[in-house]
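# Chains, contacts and geometry: an overview
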Amino acid sequence: IGGSPAQEEYMKNIINEFSLTTEHLCKIRTRFMKEMDKGLEKEGCTVAMIPSYVEGRLTGHERGQFLALDLGGTNLRVVLVTLEGEGKFKTVSTKARVSDALKNGPMRNLCDYIAECIDTFLTEQGLEDKESELPLGYTFSFPVLQTKINRGTLSQWTKGFACTGAIGKDPVMLLQDALLRKHLPVKVSALVNDTVGTLLSNAYNKPNTLAGLILGTGANGAYIEKISNIKKWKDGPTKSPEMIINMEFGAFDNERQALPLTRFDNKLDRESINPHSQIFEKMISGMYLGEIVRNVLVDMIDRELLFSPKGTFNPNVWSKEISTMWAFETSFMSKIEEDDTENLSQTKEVLDTSLNLSNVSVVECRIVKKVSELVGKRAARLAATAIAGIVSHCGIPDEGVDIGIDGSLFEFYPSFKTRMYEALQELFPEHSDIRTKIRLGLAKDGSGVGAALTACVATKAE
Ligand code: ADP
């Protein structure tokens, strides 16, 4: 880094705390697999392993017009999907912001807002007077205990949502009621977790798809399981021997047995709206990574190691933003990690324009870049470990497997994918080139096409 002895010493410790050895990854995978087994055996486990009621595999010939609605990320999205068969599709979509007031207010208001967005969209598309009902796949990306493909109860909010009057209720019914109040020709025919949608959209043209992951605001995954392995399944015979499981793996190790949590993770957890839950997600996903970096930087400031370190005085280096929770966004880390200029001018620019930190020295920029790298790399390695757990649980066939991944972190964070492959290679040393056996692919717009595919499967099954 080229800093003072105190800065170097601090960085040495931090590097130690955030680094994960191969051995560590293997241990985490073992525990992850045990938790998968537990979740398949009985209800109420940390990794919930929720049966999705989506059975069997796609043919790729699915056709028709469907609506998809996505709630649970940064934006609310409404998509009109036309499935054309042969793995091809067309989409038209619209986005709307979900304000904090809606996220924290009564669920009825949120549902009315959603219905209004759908109403506007249908009018724009000339579909408001449609004779037959449009089937809608509702991507509702929160832990839901499903009882049918379009029935379930919300068990808990995550990712900054906290509407009242929703926990223990069926999000499908609440939305369908709001749609009825507006007399919209739409039937909510499938309740879809975004991971399940991502899996299906990837599978529409990659038949060897085993799992779908979200690495965006949150982190979660779904995979195809044998019904015979789902010991807790009590809903009678199924048409297919396989079903997609929504793992809800963001809650993995809420017991804090395997994950190497640092004091920065603990602080984030304590200050979050859901302490002691989603511990794994908090180390991996876009909502949290920037905040972990900020926690490290703030600790360094408090110890007089950064931004006007001991022995210097630079009144320009003062920023309210750096002391504000969530002000350091994960996208800043992307920009900082991307910076390959010699004097780290891009990093300097981010610190200046986004965090109001001016006159930051090159050494300080190097420190910020290193901290970003540590937090980003740890996230990628942990995400890879989850995939390794799924793949080890299911076994790798000769033809290999495809994993569909959606989310800004995977799509935009530099080196995220490369770091995931590196960790996978360490976890599967018996395969000479893991990239050919476990193929990670961007399943963009998974929640739109995937939800449409689920709605399609659901209408066929009726
Ligand atoms: P969703 O909310 O549906 O998961 P995204 O996949 O876009 O939506 O994920 C949004 C999250 O990704 C946010 O937490 C944000 O901080 C993070 N993010 C957005 N852009 C970037 C980027 N360029 N690099 C890294 N993370 C990003």
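First, a word on what this report is: a plain description of the structure on this page. On a predicted model such as this, the values are computed, not experimentally measured, just so you know. (Residues numbered from 1 in each chain as written. Predicted model: local features only at pLDDT ≥ 70, side-chain atom pairs only at ≥ 80, totals over all residues.)

### Remarks on the overall build of the protein chain
For the record, the criterion: Helix numbering and strand numbering both begin at the N terminus, where a helix is a DSSP run of H or I of at least 4 residues and a strand a DSSP run of E of at least 2. Computation of the radius of gyration draws on C-alpha atoms alone. For the globule rule, the value is 2.2 Å times the number of residues to the power 0.38. Once C-beta atoms are placed from the backbone, each residue is buried if 20 or more other C-beta atoms lie within 10 Å of its own, exposed if 12 or fewer, and partly exposed for counts between those two. A pair of residues counts as a contact when their C-beta atoms, built from backbone coordinates, are separated by no more than 7 Å.
Across its full length, the protein chain holds 16 helices and 13 strands. Against the globule reference of 23 Å for 462 residues, the protein chain gives a C-alpha radius of gyration of 23 Å, in line with a compact fold. Structurally, the protein chain occupies a C-alpha span of about 75 × 50 × 40 Å along its principal axes. When each of the 462 residues of the protein chain is scored for burial, the buried share is 48%. Contacts in the protein chain between residues at least 24 apart in sequence constitute 74% of all its contacts with a sequence separation of at least 6.

### Some thoughts on the sheet that holds strand β9 (residues 209-215)
Strands in a sheet are paired, the pairing made by backbone hydrogen bonds, and the direction either parallel or antiparallel. This is how the line gets drawn: At least two DSSP bridges between two strands are needed for those strands to be called paired. The convention used is that axes are lines fitted to C-alpha atoms, helices contributing only their stretch in contact, and that angles between N-to-C directions extend from 0 to 180 degrees.
Read from one edge of the open sheet, six strands run β1-β11-β10-β9-β12-β13, paired in mixed fashion. Looking along the sheet, the strands with just one partner apiece sit at the ends: β1 (50-55) and β13 (438-442). Within the sheet, the average angular offset between the axes of one strand and its neighbour, ignoring direction, is 25 degrees. Note: strand β12 (residues 401-406) against β13, five bridges, orientation parallel. Pairing of Asp402 across the sheet is with Arg439, part of β13.

### So, the packing of helix α2 (residues 22-41) against helix α14 (residues 416-427)
Each pair of packed helices can be described by the angle between their axes along with the distance between the axes. The test is simple: Put simply, angles under 35 degrees are roughly parallel, angles over 145 are roughly antiparallel, angles from 65 to 115 are roughly perpendicular, and the rest are oblique. Polar here means any residue other than Ala, Val, Leu, Ile, Met, Phe, Trp, Tyr, Cys and Pro, which are nonpolar, and Asp, Glu, Lys and Arg, which are charged; Gly is therefore polar.
As a packed pair, α2 and α14 sit with axes 9 Å apart at the nearest point and diverge in direction by 80 degrees. When the axis of α2 is compared with that of α14, the two are roughly perpendicular. In this structure, α2 uses Thr22, Leu25, Cys26 and Arg29 to contact α14, whose residues at the interface are Ala423, Glu426 and Leu427. Here the contact of α2 with α14 is built from residues that sort into four nonpolar, one polar and two charged.

### Focus: the site of the ligand
To keep it simple, the criterion reads: Near, for a residue, is defined by distance from a backbone-placed C-beta atom to a molecule or strand, with 6 Å as the limit that must not be exceeded.
Taken together, 15 residues surround the ligand, and among them Gly73, Gly216, Gly286, Ser334 and Ser408 come closest. Broken down by secondary-structure element, the contributors of at least two residues to the shell around the ligand are α9 (286-302), α10 (330-338) and α13 (408-412). Residue composition of the shell around the ligand, by class: four nonpolar, 10 polar and one charged.

### Brief notes about the sheet that holds strand β8 (residues 186-192)
Ordered by their spatial adjacency, five strands build an open sheet running β4-β3-β2-β5-β8, and the pairing between neighbours is mixed. Each edge of the open sheet carries a strand with a single partner, namely β4 (88-97) and β8. Adjacent strand axes in the sheet meet at a mean angle of 25 degrees, parallel and antiparallel pairs treated alike. Pairing of strand β2 (residues 63-71) with strand β3 (residues 75-85), which is carried by eight bridges, proceeds in the antiparallel orientation. In the sheet register, Leu69 faces β3, and the bridge partner there is Val78. On top of the sheet, helix α4 (residues 107-124) reaches β2, β3, β4 and β8; it is set at about 45 degrees to β3, its chief contact. Of the strands in this sheet, β5 (134-140) and β8 touch helix α5 (residues 171-181), which is tilted by about 160 degrees from β8.

### Considerations on helix α6 (residues 194-203)
With 10 of its 10 residues buried, α6 lies for the most part within the structure. By the burial criterion, the buried members of α6 are Asp194, Thr195, Val196, Gly197, Thr198, Leu199, Leu200, Ser201, Asn202 and Ala203.

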